[in-house]
Amino acid sequence: MSSNDYDPAVEGAETDFARKMSYGDYLQLDALLGAQHPISDAHDEMLFIIQHQTSELWMRLAIHELRAARHAIAREDVSPAMKMLARVSRIFEQLNNAWDVLRTMTPSEYTHFRSRLGQSSGLQSYQYRLIEYLLGNRNGAMLKPHAHDPEVTDLLKTELATPSLYDEVLRLADRKGLTMPAAVLSRDVHETHHFDEGVMQAWRHVYEAPEANWTLYELAEKLVDFEDYFRRWRFNHVTTVERVIGFKRGTGGTGGVSYLKRMLEVELFPELWRVRTVL
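Below, the structure is looked at part by part. (Residues numbered from 1 in each chain as written. Predicted model: local features only at pLDDT ≥ 70, side-chain atom pairs only at ≥ 80, totals over all residues. Heavy atoms only, no water.)

Before going further, it helps to examine the packing of helix α10 (residues 197-208) against helix α13 (residues 270-278). Two elements in contact, α10 and α13, have axes separated by 9 Å at closest approach and are oriented at 65°. Our pair here, α10 against α13, has a crossing hand that is right-handed. Contact residues: Val199, Met200, Trp203, Arg204 and Tyr207 in α10; Glu271, Leu272, Arg274, Val275, Arg276 and Val278 in α13. Of the residues that constitute the contact of α10 with α13, the class distribution is seven nonpolar, no polar and four charged. (Axes fitted to C-alpha atoms, helices over the stretch in contact; angles between N-to-C directions. Helix = DSSP H or I, 4+ residues; strand = E, 2+ residues; numbered from the N terminus. Left-handed = near helix turned anticlockwise from the far one by under 90°. Contact = heavy atoms within 4.5 Å. Nonpolar A, V, L, I, M, F, W, Y, C, P; charged D, E, K, R; others polar.)

Next up on the list: unusual backbone geometry. Of note, the phi angle at Gln28 is positive, near 50°, even though the residue is not glycine. Position of Gln28 among the secondary structure elements: in the loop between α1 (23-27) and α2 (29-33). A relative accessible area of 56% means that Gln28 is categorised as exposed. Within the chain, Glu76 stands out as a residue other than glycine whose phi angle is a positive 65°. By the secondary structure assignment, Glu76 is in the loop between α3 (45-74) and α4 (78-102). With relative accessibility at 38%, the residue Glu76 sits in the partly exposed group. (Buried < 20%, exposed > 50% of the residue type's maximum accessible area, 1.4 Å probe, protein only.)

Summary: where empty space remains is shown by rolling a probe the size of a single water molecule over the atoms. If you walk through the whole model with that rule in mind, you get two cavities of 30 Å³ or more. Of the pockets and cavities examined, the largest cavity occupies roughly 40 Å³. Forming the walls of the largest cavity are Asp167, Leu170, Arg171, Val184, Leu185, Arg187 and Val189. Breaking the lining of the largest cavity down by element, the ones donating at least two residues are α8 (165-175) and α9 (182-185). In terms of residue count, α8 provides more of the lining of the largest cavity than any other element does, three residues in total. (1 Å grid on protein atoms, 1.4 Å probe; cavity = no way out; pocket = protein on both sides within 12 Å on 5 of 7 lines; lining within 4 Å. Points joined across faces, edges and corners; volume = space filled by probe spheres on them.)

Following this line, the structure appears as structure tokens:
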């Protein structure tokens, strides 16, 4: 070692981990970095695997934050919930950036291993389904791809029986004096919430006098901010799929691009978007 080489041990850095927890131990890197198992000899399959595995990790964190935010809102602890929602927006910014990496794979490169994927598809991501259910897009038909896994099915059914994040926001607003329609507050939470004129008029009251309704105003904007990132993620998904496979059917049997474009029409918090028109 040259005399100019830096030795971290000189400043007290720990370098002997024979009996101590190391960085790799804490993060379980052996398991994490050993989870990539390409089933072809195609160079680009490693990109495809890591893109989807890292997306699932980010979604796991999003679920952690969304659940905590919902719980905080239900107990009227709004400030931490807004911090969590801001974090989820940034998580989806990371998920958006990941599409840029996947788009470096050309259609020709994808054909080298696409046939080896069988019927596996992002449609079957239970974490993505859980995020949609948490946010209120509660399509019960989407339980079917998970019917083979009783544990996952029970997890999703439990979520469907729980008020969504937006349900809890509307209940909070009602408790804070912003009268919400009784039919909305008492609806079957298993079903997707659809646009309601009475809910929009309640939010109109907030947006016309934000200073007097600052907590609800700020919370509403955090939801809009998140859905903005979420919509961009969906759009980038469509664009990436069209760029790589054109209009072929998806490996999971959907219409591919046509299915994903239909998902672009889904509104998670419809009144918060449409209230802008009536201000």
